[in-house]
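Close look at the chain arrangement
What follows is the residue order along each chain.
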There are 2 protein chains.
Amino acid sequence: MLDKKYLLPKDAVNLLLEHLKFRSLPGEIIYLEEAYDRVTYEDIFSPEDLPGFHRSTVDGFAVRSMDTFGARESSPAYLNMKGDIPMGAIPNFSISQGECASIATGGMLPEGADAVVMIEHVNVVSQDLIEVLRSVSPWENVIFKDEDVKRGEIVIKAGKRLKPQDIGALAGLGIGEVKVAKKPVVSIILTGDEIIPHTEKVSPGQVRDVNSFTLSGLAVRAGAVPIKMGIVRDDYNEIKTRVDKAYEISDLVLITGGTSAGVKDMTAKVIDELGSPGVLFHGVSIKPGKPLIGGVCGGKPVFGLPGHPVAVYICFELFVRPVIEHMIGLQERKVKRLIKAKMARNLHSQSGREDFIRVSLEERDGQLWAIPLLSKSGLIMSLVRAGGIVHIPSELLGLQEGDEVFVEVID
Amino acid sequence: MLDKKYLLPKDAVNLLLEHLKFRSLPGEIIYLEEAYDRVTYEDIFSPEDLPGFHRSTVDGFAVRSMDTFGARESSPAYLNMKGDIPMGAIPNFSISQGECASIATGGMLPEGADAVVMIEHVNVVSQDLIEVLRSVSPWENVIFKDEDVKRGEIVIKAGKRLKPQDIGALAGLGIGEVKVAKKPVVSIILTGDEIIPHTEKVSPGQVRDVNSFTLSGLAVRAGAVPIKMGIVRDDYNEIKTRVDKAYEISDLVLITGGTSAGVKDMTAKVIDELGSPGVLFHGVSIKPGKPLIGGVCGGKPVFGLPGHPVAVYICFELFVRPVIEHMIGLQERKVKRLIKAKMARNLHSQSGREDFIRVSLEERDGQLWAIPLLSKSGLIMSLVRAGGIVHIPSELLGLQEGDEVFVEVID
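Given the structure is predicted, the values throughout are model-derived calculations rather than measurements.

Reading guide: rules and limits
Per-chain numbering applies: the sequence of each chain, read as written, is numbered from 1 onward. Both sets of labels track the order of writing: A upward for chains, 1 upward for ligands. Only residues with pLDDT of at least 70 are given local features in this predicted model, and only at 80 or more are side-chain atom pairs given and counted; all residues enter the totals for whole chains, interfaces and linings. Only DSSP runs of H or I with at least four residues qualify as helices, and only runs of E with at least two residues qualify as strands; both kinds are numbered from the N terminus onward. For a compact globule the rule gives 2.2 Å times the number of residues to the power 0.38, and the radius of gyration it is set against comes from C-alpha atoms. Counting other C-beta atoms within 10 Å of a residue's C-beta gives its exposure: the residue is buried at 20 or more, exposed at 12 or fewer, and partly exposed in between, where C-beta atoms are placed from the backbone. Lines are fitted to the C-alpha atoms to define the axes, a helix being fitted only along its stretch in contact, and any angle between axes, read from their N-to-C directions, falls within 0 to 180 degrees. The handedness criterion is simple: a crossing whose near helix is rotated anticlockwise from the far helix by less than a right angle is left-handed, and one whose near helix is rotated clockwise is right-handed. Residues are defined as contacting one another if the C-beta atoms placed from their backbone atoms lie within 7 Å. Three categories are distinguished: nonpolar for Ala, Val, Leu, Ile, Met, Phe, Trp, Tyr, Cys and Pro, charged for Asp, Glu, Lys and Arg, and polar for the others, with Gly belonging to the last. Paired strands are those between which DSSP finds at least two bridges. Working definition: the arc comes from the directions between the helix axis and the C-beta atoms, pointing outward to the latter. What fixes the domain bounds is an automatic or database domain assignment. By definition, pLDDT measures how confident the predictor is in each residue, and it falls between 0 and 100. Copies overlap after least-squares fitting; the atoms used are the C-alpha atoms of residues with pLDDT of at least 70 in both. In this scheme, roughly parallel covers angles under 35 degrees and roughly antiparallel covers those over 145, while 65 to 115 is roughly perpendicular and the rest are oblique.

With that out of the way, let us pick up the overall build of chain A. A count of helices and strands for chain A gives seven helices and 28 strands. For chain A, the C-alpha radius of gyration of 31 Å lies well beyond 22 Å, the compact-globule estimate for 411 residues. Dimensions of chain A, computed from C-alpha atoms along their principal axes, come out at roughly 95 × 55 × 40 Å. Per-residue burial for chain A yields a buried fraction of 51% across its 411 residues.

Packed helix pairs are specified by the crossing angle of their axes together with the interaxial distance, meaning the distance between the axes. Residues and elements named next belong to chain A. The interhelical angle for the contact between helix 1 (residues 9-18) and helix 6 (residues 309-327), taken along N-to-C directions, is 30°, at an axis separation of 10 Å. As helix 1 packs across helix 6, the resulting crossing turns out to be right-handed. Of the residues in helix 6, those touching helix 1 at P9, A12, V13, L16 and L17 are L318, F319, P322, V323 and H326. Grouping the amino acids of the contact of helix 1 with helix 6 by side-chain chemistry returns nine nonpolar, one polar and no charged.

All right, on to the sheet that holds strand 17 (residues 252-257) of chain A then. All names here are of chain A. The six strands lie next to each other as 16-13-17-21-20-18, forming an open sheet whose pairing is mixed. Strand pairing shows two members of the sheet lacking a second neighbour, strand 16 (225-232) and strand 18 (277-282), which therefore form its edges. For this sheet the average axis-to-axis angle between neighbouring strands, irrespective of direction, equals 15°. With five bridges joining them, strand 20 (residues 293-297) and strand 21 (residues 300-305) adopt antiparallel strand pairing. The residue bridging C297 from the neighbouring strand is K300, located in strand 21.

What follows deals with helix 1 of chain A. Residue and element names in this part refer to chain A. Buried within helix 1 are the following residues: P9, A12, V13 and L16. What you see down the axis of helix 1 is that its buried residues fit within an arc of 100°, all on one side. Residues of helix 1 that are exposed and point over 90 degrees away from its buried face: K10 and E18. For helix 1, the secondary structure elements touched by its buried residues are strand 18, strand 19 (286-287), strand 20, strand 21, helix 6 and strand 24 (354-364).

Turning our eyes to something else, we now look at unusual backbone geometry. The omega angle of the peptide bond from L50 of chain A to P51 of chain A is 5°, so this bond is cis rather than trans. By secondary structure assignment, the location of P51 of chain A is in the loop between strand 2 (44-45) and strand 3 (55-56). Put simply, K287 of chain B and P288 of chain B share a cis peptide bond, and its omega is -5°. Within the element layout of this structure, P288 of chain B appears in the loop between strand 19 (286-287) and strand 20 (293-297). Backbone geometry at N141 of chain A places phi at a positive 60°, although glycine is not the residue there. Take N141 of chain A: it is sitting in the loop between strand 9 (129-132) and strand 10 (142-143). Despite not being glycine, D365 of chain B has its phi angle at roughly 50°, a positive value. Among the structural elements, D365 of chain B can be located in the loop between strand 24 (354-364) and strand 25 (367-372).

This part takes up the sheet that holds strand 6 (residues 99-103) of chain A. Residues and elements named next belong to chain A. Reading across the sheet, the six strands line up as 7-4-6-5-9-8 and stay open at both edges, with mixed pairing between neighbours. If you trace the sheet from one side to the other, it starts and ends with strand 7 (115-118) and strand 8 (122-124), each paired once. Within the sheet, the average angular offset between the axes of one strand and its neighbour, ignoring direction, is 40°. Relative to strand 6, strand 4 (residues 60-63) runs antiparallel, the two being bridged by four bridges. For A62, the partnering residue across the bridge sits in strand 6 and is A101.

Another aspect to go through is the interface of chain A and chain B. Listed per partner, the contact involves 71 residues of chain A and 70 residues of chain B. Counting residues per element, the ones that place at least two in the side of chain A that touches chain B are strand 11 (154-156), helix 2 (164-172), strand 15 (207-208), helix 3 (211-221), helix 6 and helix 7 (382-385) of chain A. A breakdown of the residues in the side of chain A that touches chain B according to their chemical character gives 36 nonpolar, 23 polar and 12 charged.

What follows concerns the environment of I130 of chain B. All names here are of chain B. Looking at where I130 falls in the secondary structure, it is placed in strand 9 (residues 129-132). A sequence separation of 29 residues divides I130 from A101, and the C-alpha atoms of the two residues are 10.0 Å apart. Aside from chain neighbours lying at most four places away, what touches I130 is F61, L79, M81, C100, V122, N123, V124 and V125.

A separate point is the domain arrangement of chain A. By domain assignment, chain A separates into domain 1 (9-25 + 183-327), domain 2 (28-49 + 150-181), domain 3 (55-143) and domain 4 (338-409). Domain 1 of chain A and domain 2 of chain A are separated by 33 Å when their C-alpha centres are compared.

This prediction gives chain A a mean pLDDT of 92; 96% of its residues lie at or above 70. Scored by ipTM, the complex comes to 0.92, with pTM at 0.93.

When chain A is fitted to chain B, the residual RMSD is 0.1 Å, and the transformation amounts to a turn of 180° plus an axial shift of 0.0 Å. Look at the turn and shift together and you get a two-fold axis relating the two. Every residue of chain A has its C-alpha some distance from the rotation axis, and the shortest such distance is that of R337 of chain A, at 2.5 Å. A high fraction, 99%, of the interface residues of chain A reappear at the interface in chain B, so the copies pair face to face through one surface.

It is worth spelling out helix 2 of chain A at this point. Taking burial as the measure, the nine residues of helix 2 of chain A include nine buried ones, the bulk of the element. Of the residues making up helix 2 of chain A, those classed as buried are P164, Q165, D166, I167, G168, A169, L170, A171 and G172 of chain A.

Quick look at the environment of D146 of chain A now. All names here are of chain A. Residue placement: D146 occurs in the loop between strand 10 and strand 11. C-beta crowding within 10 Å serves as the criterion here: with 17 such atoms nearby, D146 is assigned to the partly exposed category. Placed 94 residues apart in sequence, D146 and G52 show a C-alpha to C-alpha distance of 6.1 Å.

Looking now at the packing of helix 2 of chain A against helix 3 (residues 211-221) of chain B. As a packed pair, helix 2 of chain A and helix 3 of chain B sit with axes 7 Å apart at the nearest point and diverge in direction by 160°. Taken as axis vectors, helix 2 of chain A and helix 3 of chain B run roughly antiparallel relative to one another. The handedness of the crossing between helix 2 of chain A and helix 3 of chain B is right-handed. Facing P164, Q165, I167, G168 and A171 of chain A of helix 2 of chain A, the residues of helix 3 of chain B in contact are N211, F213, T214, G217, L218 and R221 of chain B. Looking at the contact of helix 2 of chain A with helix 3 of chain B residue by residue, the class counts come to five nonpolar, five polar and one charged.

Attention now moves to the environment of E99 of chain A. All names here are of chain A. Structurally, E99 is set in strand 6. Distance from E99 to E131, taken between C-alpha atoms, is 11 Å for residues 32 residues apart in sequence. E99 has contacts with L79, N80 and K82, leaving out every residue within four places of it along the chain.

Structural data, given as structure tokens:
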């Protein structure tokens, strides 16, 4: 154990990342169809020019631009129709002086042509003759063969999460397989004598498993594969056996619960025994989530999360997600959805501690108000009821009623 | 065909929604484990009180609050230890005057106790005796048995997309199955003589399938199940046969392509023949995406999307997504991720038309700038390169360099 001082969240995350290799997980090659939302493992280069041919951007007539110079309504340029260019075909003729060919948007320019006159600027006189009513400059209404992408250019960098439109672009380049970071396997262990599976009948004093459901969903969203390892009693040997197994089969271990002080120390001890350096911090300057344990054991991150469902959510978003993103080599920052609102009540905070307050949002007289949800109730429901979270930074002593705040929308 | 006038996007969407029943798809009952991101079909009520018992929120000692009144460091209250309350158990004793019991966070209060003194405010004198150094009010540090949720209360309303923390809360209530809206099946047909599958070698004049990949991913994100129906040549009978099949097996049909004017009319004709009322609009006052066709046939929405990949993306987000959300009964509005930036260039727009400009974001001297991407290039790559989209409303004639804009982040 390196440190027992309470760190600020940012420092705690950095401490974890310092002990973890960036992109620590291997890459794997998968079909493009499976690559949605996966994170690229290496830069992807274009295997060819795109569109690959000079392409019309309008419906009209392919021409030699110089044949249209000076053309206007009162003095059109007359051009002979050489033919029609079918979509998807290579024109089997070329354009010489005084000639043109009809072409659709996306069609390939014939040899000799260097511009396209829009259909709106042409009078079709006969099957063989058109009047051009306006001049075009060289390469007007044409995309060059390598204007979209050049062969050898980087199309998508390593560490990018592939969006639908990225997958579309890769398909357009004929790329059928991509190398992406392996999904980290995240095992989830619940500890606590009072926890029972959600399908069992609850007796007074017991509570059902909430956290394995929330954590599984959050892990999937972060790009990981969750494995539920079940519920363990507050017993050192039972916890140790289950955690050892989880450590063996997964890339990251989450242990939740251990609400009483004695159990928390058991979790820390079990983590320390998994491998070096072990526990990096035990407690963070944050509310909720203060009792968080963070460690790295033999290159794998292991967390001891508080048992409170709200703290579990906050700790996952602040600590576990960045660690997962580091492991898969994600290079983008998530842009938060923020809404401006006014605080509906005074809120006290402690200097040196970061507070995360669940609020509901309510519109009154055209003004959006952030109404803090009481932390005492809200064991399970406050995250369901909350529309967002207000962050009070460590240097503030609280917020006043009417203060303008940015609410992070929970989605 | 009801109307051929060019509508504003909002009016076009409303016209579609007017012809579609809200929550037109049936509900289905699924296991909670499968319900992440699904949309609830009906209100979910709590089957019981939660936590279901009076629960301590701190580690400490359960007491009768009146026994602590007046207690302070200089004059502590002395209480006899009645016993220890194990986690998850019903206390097998009650607390009488002058008695207390040790209890952990989450433990069940014994009969007779009405508050918990935090461990920090107690001196343990012996195994049988403690000194209470501070008084507690009735129900201090206690959650009431129905404080989180009352039996019969609505926990989650119909039309809500279930987040990880919602699933966690439902598990906490012992709810193992939920009724959700069926996922709409969205079929995707590409038309165009120039389109080839992404794995095939491309000849000049041809382009690979981009849109089925982008649309599949967008459909999944919107909560639908995409079915790729392949590529059809620009032939009326071929298009009609394929669209008829798609209409039969799916809840929503997307037909992309048909870049030339003649083909566009074919698509409209095919849609009109599917069922009543048929095409509702042909063309929208929007750039890119103007040639969009929107229709409803026998209660199923059918779209003719332009073939340009950027227009496909914009049209899906503006028209198809709201229709899907209407069909599954989603009651929430998506909160956009917006970033404030300054326009790096003048942009011309047309009054009465809504423009959507792809921009990249660049920081210079501490100021974020939105740099418009040239629309001419960008056939496939501009959505990959774009960081966001700037919306120019129909009443504006453009934007000036230096204007402050909100950029919607593409994610």
